[in-house]
Amino acid sequence: MASGPDSDGSTTDGAMEINVQRNRYPYCLVWTPIPLLTWLFPFIGHMGIATSNGIIRDFSMSYVVSTDDMAFGDPTRYLQLNVDKVTGGREAWDKAVDYASETYCKRLHILCWDNCHSHVSLALNHMRYKGFNSWNMCILAFWMFFRGHHTSLSGFIKTWLPFIVFISILLFIIIFSSLTT
């Protein structure tokens with residue numbers, strides 16, 4: 001992976017390299033599709049945040065923050081962030097991920113209000129990523145949807161094939177029913 005900042009401010013300078021085979025995503029937000037839900041709405045999925053060593057933490061269900069075992073499978077998308085945008089660097093990043101994880105292992109998972117995106121938002125707010133402390137699930141969902149990278153061709157297929165099949169079936173039904181009327 002090339003180093004230097006991307007247009008969204010993410011970087012790999014001084015960071016451990018992403019290793020998809022080992023499931024290591026240092027300084028990354030990671031995302032995986034949720035069956036049925038993502039098939040209908042491809043911008044909705046399950047999110048986690050990785051430590052400086054690439055260990056993934058995700059709020060997977062009420063009172064559970066998983067370590068390296070995402071609720072809906074391995075990541076299919078990721079967004080590596082710039083640790084230089086965190087005052088305190090690596091140590092502050094890891095402390096913020098730990099703080100969010102400790103907080104969320106005591107919380108009830110509520111699909112639309114207090115969920116995996118909220119867990120990641122708390123970590124980013126606690127570390128004041130980019131000097132910002134108003135990260136939320138909507139910002140993160142759009143950020144990942146428009147700026148996230150697919151982990152591989154397989155990750156791309158797992159993300160988009162069900163949605164494409166669903167839309168194709170829907171279009172076929174619409175076209176076929178208009179031809180028969």
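The preceding data block contains the structure.
Our subject in this report is the structure included herewith. Quick caveat: nothing in here was measured; it's all calculated off a predicted structure.

What counts, and where the lines are drawn
Residues numbered from 1 in each chain as written. Predicted model: local features only at pLDDT ≥ 70, side-chain atom pairs only at ≥ 80, totals over all residues. Heavy atoms only, no water. Helix = DSSP H or I, 4+ residues; strand = E, 2+ residues; numbered from the N terminus. Rg over C-alpha atoms; globule rule 2.2 N^0.38 Å. Buried < 20%, exposed > 50% of the residue type's maximum accessible area, 1.4 Å probe, protein only. Contact = heavy atoms within 4.5 Å. Salt bridge = Lys/Arg side-chain N within 4 Å of Asp/Glu carboxyl O. Core = buried A, V, L, I, M, F, W, Y, C linked by side-chain atoms within 4.5 Å. Disulfide = S-S within 2.5 Å. Patch = residues over 30% accessible without salt bridge, like charges linked within 9 Å, V, L, I, M, F, W, Y side chains within 5 Å. Areas by Shrake-Rupley, 256 points an atom, 1.4 Å probe, with all protein chains shown as cover. Arc of directions from axis to C-beta.

In this section: the overall build of the protein. Across its full length, the protein carries 5 helices and 6 strands. Secondary structure elements in the protein, listed N-terminal to C-terminal, are β-α-β-β-β-β-α-α-α-β-α. Over its C-alpha atoms the protein spans a radius of gyration of 18 Å, differing by no more than 12% from the 16 Å that the globule rule assigns to 181 residues. Dimensions of the protein, computed from the C-alpha atoms along their principal axes, are close to 65 × 40 × 30 Å.

Moving on: the environment of Cys 105. Residue placement: Cys 105 occurs in the loop between helix H2 (89–104) and helix H3 (116–127). In this structure Cys 105 comes out as partly exposed when scored by relative accessible area, which is 28%. Residues within four places of Cys 105 in sequence aside, it is in contact with Tyr 63, Val 64 and Val 65.

Turning our attention to the pattern of salt bridges. The full count for this structure, using the stated rule, is 3 salt bridges. The residue Arg 24 makes a salt bridge to Asp 68 at a minimum N-O spacing of 2.7 Å. A residue pair is termed long-range when its members are at least 10 positions apart, and Arg 24 in the segment before strand E1 (28–33) and Asp 68 in the loop between strand E4 (64–67) and strand E5 (77–80) qualify at 44 residues. With a closest N to O distance of 3.1 Å, Lys 95 and Glu 91 form a salt bridge. Taken together, the positions of Lys 95 and Glu 91, both in helix H2 and 4 residues apart, correspond to about one turn of that helix.

So, on to the nonpolar core. Formed by 24 residues in total, the largest nonpolar core has its most connected members in Leu 29, Ile 49, Trp 93, Leu 124 and Tyr 129. Ranked by size, the runner-up nonpolar core spans 8 residues in total, among them Ile 18, Cys 28, Val 30 and Tyr 78.

A few words on the side chain of His 117. Within the element layout of this structure, His 117 appears in helix H3. Residue contacts for His 117: discarding those within four places in its chain leaves Gly 45, Met 47, Met 137, Leu 140 and Ala 141.

In this section: the state of the cysteines. By definition, a disulfide links the sulfur atoms of two cysteine residues through a covalent bond. The full count for this structure, using the stated rule, is 0 disulfides. Not engaged in a disulfide, the cysteine Cys 112 finds its nearest cysteine sulfur in Cys 138; these two sulfurs lie 11 Å apart. On the basis of relative accessible area, Cys 138 is assigned to the partly exposed category, the value being 49%.

Our focus in this paragraph is a nonpolar patch on the surface. Taken together, the side chains of Leu 36, Trp 39, Leu 40, Phe 41, Phe 43, Phe 166, Leu 170, Leu 171, Ile 174, Ile 175 and Leu 179 present a nonpolar region at the surface, about 1,100 Å² in accessible area. Of all the elements in the fold, those that place two or more residues in the nonpolar patch are helix H1 (37–40) and helix H5 (153–180). Ranked by the residues each element gives to the nonpolar patch, the list is headed by H5, at 6 residues. Summarising the element assignment, Ile 175 is placed in helix H5.

What follows covers helix H4 (residues 137–147). Listed in full, the buried residues belonging to H4 are Leu 140, Ala 141, Trp 143 and Met 144. The buried residues of H4 occupy one face: seen down the axis, they fall within an arc of 165°. Among the exposed residues of H4, those pointing more than 90 degrees away from its buried face are Phe 142 and Phe 146. Packing partners of the buried residues in H4 comprise E1, strand E2 (45–50), E5 and H3.

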